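Here is what each chain is made of, one letter per residue.
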Amino acid sequence: MMQSSPSALYRLAQVLRVLAILALVFLVLFLATVAFSAVQLGEGIAKQSGSLHHSVAAAIVGTDILVNVTFPIPNQGYYNVRDLTLVAIFTNQTIQSSPLAVTTGGPANIPGHGEGNVSLLTSFDMANPAGPFLLLNDAEIQGTLFLNASYAAVVPVNLEVAFNYHWGAPFANLSYGTGTPTLEKNGTVAIPVTIHFENHTPGLTIAGNLAVVVSDPNGTLCTRQTFPVETHDGPVTLMETFYAPDTCSLAGDTVTSVFTSPGPPPFSIDLPTETIP
Amino acid sequence: MNGPQFSEPGSPYPARAPGARRVIPYQPPGVSGARIAGAVSLTFLYFGLVALLPYYLEQYAAKYGLSAPIGPDFLLVAGAIVAILAGLSVATKPTRAWGPVRVMSAGFDLIYIFYLLQNPVYATTIHGFMISLTYSRILELFLIPPGIGLLAGVVTSIGDIRHPWERIQLQFPPKLWPSRGGGYGQAM
């Protein structure tokens, strides 16, 4: 039976078939451009990986050592990177208080054919056992960066970057040395003490007071002295004169020191005990 | 209408009543050899795109330590089924089986994509960076074409039931021009 016009079912089926084909073609083209752009984005990030250490700044605020790591993220692709968030976990196998820090950054949006900087503020709390360790010892800090973003609005990207960060201690190689004691008129002994340390974090300046307590092997207090300390790049040698009773020889004595920062807020860190040779 | 009219195949009514215009019975084209050849060609083309291309891409990526969540054997088997059903869909287009075959084809595509959605993460390492791409949203978008195709198959099946031969007649109209052997292409 010939009909004057196709039935509604036939027309509906025709429309649906055309829609299905158009949707498939559109998706294939879209996927191809997303894949091409994603490769360009990945190559751009990989090229920037070497410049990670050039964008690190450190400072002390309160009881925290703050390390600001800026990640330049170029986007050479067509599509935007949206809701970029970063989470970084820093650990060190030597220090048993792990993780040292957990920090987040973002969210950030990076337009296509553009570049964005994502800052990651990492805080090392000096109040935990890692604080004194990091003040005195260089450390290889293992960092793991988790990056989450939405690419081209429909592709969630998860990036996990494992890297090592070399931490330079501001009071590295802290050592005490004594000179020849001289008898003072008041019956005390003046002993020149040399305090040496090296600041292995260029640009990190720490000002405060170092309170030094010298005790003999039996634990008897010999002397106590406080003097200002300020770190600067490279080695620092402080020459101080300690006054102690003539019963103290200092050689073989133990030295405990407390670093105090005026803040604000003020804080103090007990440095590990050293022995005078 | 001035043109010739067609009776349905097997119609008890005479094709030409006395005094009426001549009615040419419609002969559905059936599955011709050319159509089967086209269907087979399309099957191989689909197999290359849906099965072989992902298979070799996966093998290529494996050389660089990139592992995909879908096994290569599964890609080949599922791709072969997708290709065969697509070819079958082309072969059966001049028949009333086209609608159900399209439903089967789109249905399998949907099942395949739903299976891929079970583990939609592709992890790789580039220059020490471990990158994982979650392509679930892309796959979800790829549910749209077979979803619409499934709907089209259902509507086509219903249409073929309610209006037998209408679709085939419209998509494969009778040949009314002279054929090479003389006479008209359509039986009179």
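Higher on the page you've got the structure.
Residues numbered from 1 in each chain as written. Chains lettered and ligands numbered in written order. Predicted model: local features only at pLDDT ≥ 70, side-chain atom pairs only at ≥ 80, totals over all residues. Heavy atoms only, no water.

Chemist: What's the story with the overall build of chain B in this structure? I'm lost.
Modeler: Along the backbone of chain B there are six helices and two strands. The order of α-helices and β-strands along chain B, N terminus first, is α-α-α-β-β-α-α-α. Per-residue burial for chain B yields a buried fraction of 35% across its 188 residues. Restricting the contact set of chain B to residue pairs at least 6 apart, pairs at least 24 apart contribute 60%. (Helix = DSSP H or I, 4+ residues; strand = E, 2+ residues; numbered from the N terminus. Buried < 20%, exposed > 50% of the residue type's maximum accessible area, 1.4 Å probe, protein only. Contact = heavy atoms within 4.5 Å.)

Chemist: Any chance you could explain the overall build of chain A here in plain terms?
Modeler: A count of helices and strands for chain A gives two helices and 15 strands. Of all 277 residues assigned to chain A, the portion counted as buried reaches 43%. For chain A, restricting intrachain contacts to residue pairs at least 6 apart in sequence, the fraction spanning at least 24 positions comes to 65%.

Chemist: How should the interface of chain B and chain A be read in this particular structure?
Modeler: When the parts come together, some accessible area is lost, and that loss is often what is quoted as the size of the interface. On the side of chain A, 34 residues touch chain B, which itself brings 32 residues to the contact. The contact between chain B and chain A buries some 3,100 Å² in all, and 71% of this surface belongs to carbon and sulfur atoms. Applying the counting criterion to the chain B and chain A interface returns zero salt bridges. Breaking the side of chain B that touches chain A down by element, the ones donating at least two residues are helix H3 (98-116), strand S2 (129-134), helix H4 (136-141), helix H5 (144-162) and helix H6 (166-171) of chain B. For the side of chain B that touches chain A, the element with the highest residue contribution is H5 of chain B, accounting for 11 residues. For the side of chain B that touches chain A, a count of residues per class yields 17 nonpolar, nine polar and six charged. (Buried area = accessible area lost by both parts, 1.4 Å probe. Salt bridge = Lys/Arg side-chain N within 4 Å of Asp/Glu carboxyl O. Nonpolar A, V, L, I, M, F, W, Y, C, P; charged D, E, K, R; others polar.)

Chemist: Got a minute to help me understand the nonpolar core in this structure?
Modeler: Proteins that are soluble and globular tend to have nonpolar side chains buried together. Residues Leu-84, Tyr-176, Ile-195 and Val-212 of chain A are the most contacted members of the largest nonpolar core, which totals 74 residues. Take this core: its biggest share by element is seven residues, from strand S7 (residues 155-167) of chain A. Setting aside residues up to four positions removed in sequence, Val-212 of chain A forms contacts with Tyr-176, Ile-195, Thr-223, Arg-224, Gln-225, Phe-227, Phe-242, Val-255, Thr-256 and Ser-257 of chain A. Counting seven residues, the second largest nonpolar core, distinct from the first, contains Leu-9, Ala-13 and Ala-20 of chain A together with Ile-148 of chain B. (Core = buried A, V, L, I, M, F, W, Y, C linked by side-chain atoms within 4.5 Å.)

Chemist: Help me understand the pattern of salt bridges, please; the structure alone is not making it clear to me.
Modeler: Opposite charge on two side chains makes pairing possible when the charged atoms of those side chains draw close. Under the definition given, this model contains one salt bridge over all chains. For Arg-167 of chain B, the salt bridge is made with Asp-160 of chain B, and the minimal N-O distance between the two is 3.0 Å.

Chemist: Help me understand helix H1 (residues 33-62) of chain B, please; the structure alone is not making it clear to me.
Modeler: A turn of α-helix holds 3.6 residues, and therefore any two residues three or four places apart point the same way. Residue and element names in this part refer to chain B. Spanning 30 residues, H1 covers 41 Å between terminal C-alpha atoms, matching the ideal 44 Å at 1.5 Å per step. The axis of H1 is deflected most strongly, by about 35°, at Gly-48. If you check which residues of H1 are buried, you get Ala-39, Thr-43, Ala-51, Glu-58 and Ala-61. (Expected span 1.5 Å × (residues − 1). Bend = angle between axes of the 7 residues up to and from the residue.)

Chemist: Would you mind showing me how to read the environment of Asn-119 of chain B here?
Modeler: Residues and elements named next belong to chain B. Within the secondary structure, Asn-119 is located in the loop between H3 and strand S1 (121-126). When its relative accessible area of 38% is taken as the criterion, Asn-119 is described as partly exposed. Spatially, the C-alpha atoms of Asn-119 and Pro-69 are 6.5 Å apart, while their sequence positions differ by 50 residues. Apart from the residues within four sequence positions on either side, Asn-119 is in contact with Pro-69 and Tyr-135.

Chemist: When you look at unusual backbone geometry in this model, what are you seeing that I'm missing?
Modeler: Across the chain, the bulk of peptide bonds are trans and the bulk of non-glycine residues have phi less than zero. Residue and element names in this part refer to chain A. Positive phi outside glycine occurs at Asp-83, with the angle close to 55°. Its place among the elements puts Asp-83 in strand S3 (residues 81-91). You will see that His-113, though not glycine, has its phi angle at about 55°, which is positive. Residue classification places His-113 among the exposed residues on the basis of a relative accessible area of 58%.

Chemist: Help me understand the environment of Glu-58 of chain B, please; the structure alone is not making it clear to me.
Modeler: Residue and element names in this part refer to chain B. In this structure, Glu-58 sits in helix H1. Relative accessible area serves as the criterion here: at 14%, Glu-58 is assigned to the buried category. C-alpha separation for the pair Glu-58 and Gly-71, spaced 13 residues apart in sequence, amounts to 8.8 Å.

Chemist: Which parts of the structure should I look at to understand a nonpolar patch on the surface?
Modeler: A cluster of nonpolar residues, Val-31, Ile-36, Val-40 and Phe-44 of chain B, forms a patch on the protein surface that exposes about 370 Å² of accessible area. For Val-40 of chain B, the position within the fold is in helix H1. (Patch = residues over 30% accessible without salt bridge, like charges linked within 9 Å, V, L, I, M, F, W, Y side chains within 5 Å. Areas by Shrake-Rupley, 256 points an atom, 1.4 Å probe, with all protein chains shown as cover.)

Chemist: Would you mind going over the side chain of Arg-167 of chain B with me for this structure?
Modeler: Tracing the backbone shows Arg-167 of chain B in helix H6. A polar contact of 2.7 Å, which involves the side chain of Arg-167 of chain B, links it to the backbone oxygen of Thr-95 of chain B. Beyond its immediate sequence surroundings of up to four residues, Arg-167 of chain B is in contact with Tyr-10 of chain A together with Lys-93, Thr-95, Arg-96, Trp-98, Thr-156, Asp-160 and Phe-172 of chain B. (Polar contact = N/O pair within 3.5 Å; in protein donor to acceptor, adjacent residues only side chain to side chain.)

Chemist: So what exactly am I meant to see when it comes to H5 of chain B here?
Modeler: The end-to-end C-alpha distance of H5 of chain B, which contains 19 residues, comes to 27 Å, matching closely the 27 Å that a straight helix rising 1.5 Å per residue would cover. Looking at H5 of chain B, one finds that the buried residues are Pro-145, Pro-146, Ile-148, Gly-149, Ala-152, Gly-153, Val-155, Thr-156, Ser-157, Gly-159 and Asp-160 of chain B.

Chemist: Help me out: how do you make sense of the packing of aromatic side chains in this one?
Modeler: A ring pair, where both rings are aromatic, is described by two values, the distance of the centres and the angle of the planes. As enumerated under the stated definition, the model contains 11 aromatic pairs over all chains in all. Considering the side-chain rings of Tyr-78 of chain A and Tyr-79 of chain A, the 6.5 Å spacing of their centres and the 80° angle between planes classify their relative orientation as edge-to-face. Ring centres 6.2 Å apart and planes at 85° place the aromatic pair Tyr-79 of chain A and Tyr-151 of chain A in the edge-to-face group. Of this pair, Tyr-79 of chain A sits in the loop between strand S2 (64-75) and S3 while Tyr-151 of chain A sits in strand S6 (residues 139-151); the two residues are 72 residues apart in sequence, bridging distant segments of the chain. Residue classification places Tyr-151 of chain A among the buried residues on the basis of a relative accessible area of 2%. An aromatic cluster of at least three residues, connected via ring pairs, comprises Phe-26, Phe-30, Phe-36, Tyr-78, Tyr-79 and Tyr-151 of chain A. The ring of Trp-165 of chain B carries Arg-96 of chain B above its face, with NZ or CZ at 5.7 Å from the centroid. (Phe/Tyr/Trp six-rings, centres within 6.5 Å; stacked < 30°, edge-to-face > 60°. Lys NZ or Arg CZ within 6 Å of the ring centre and 35° of its normal.)

Chemist: Is there a simple way to explain the packing of H1 of chain B against helix H2 (residues 72-91) of chain B in this structure?
Modeler: Helix packing geometry: the angle between the two helix axes and the distance between the axes. Residues and elements named next belong to chain B. Following both chains from N to C, one finds H1 and H2 inclined at 160°, their axes separated by 8 Å at the closest point. Compared by their axis directions, H1 and H2 come out roughly antiparallel. The crossing of H1 and H2 is right-handed. Considering only residue class, the contact of H1 with H2 consists of 19 nonpolar, four polar and two charged. (Axes fitted to C-alpha atoms, helices over the stretch in contact; angles between N-to-C directions. Parallel < 35°, antiparallel > 145°, perpendicular 65-115°, else oblique. Left-handed = near helix turned anticlockwise from the far one by under 90°.)

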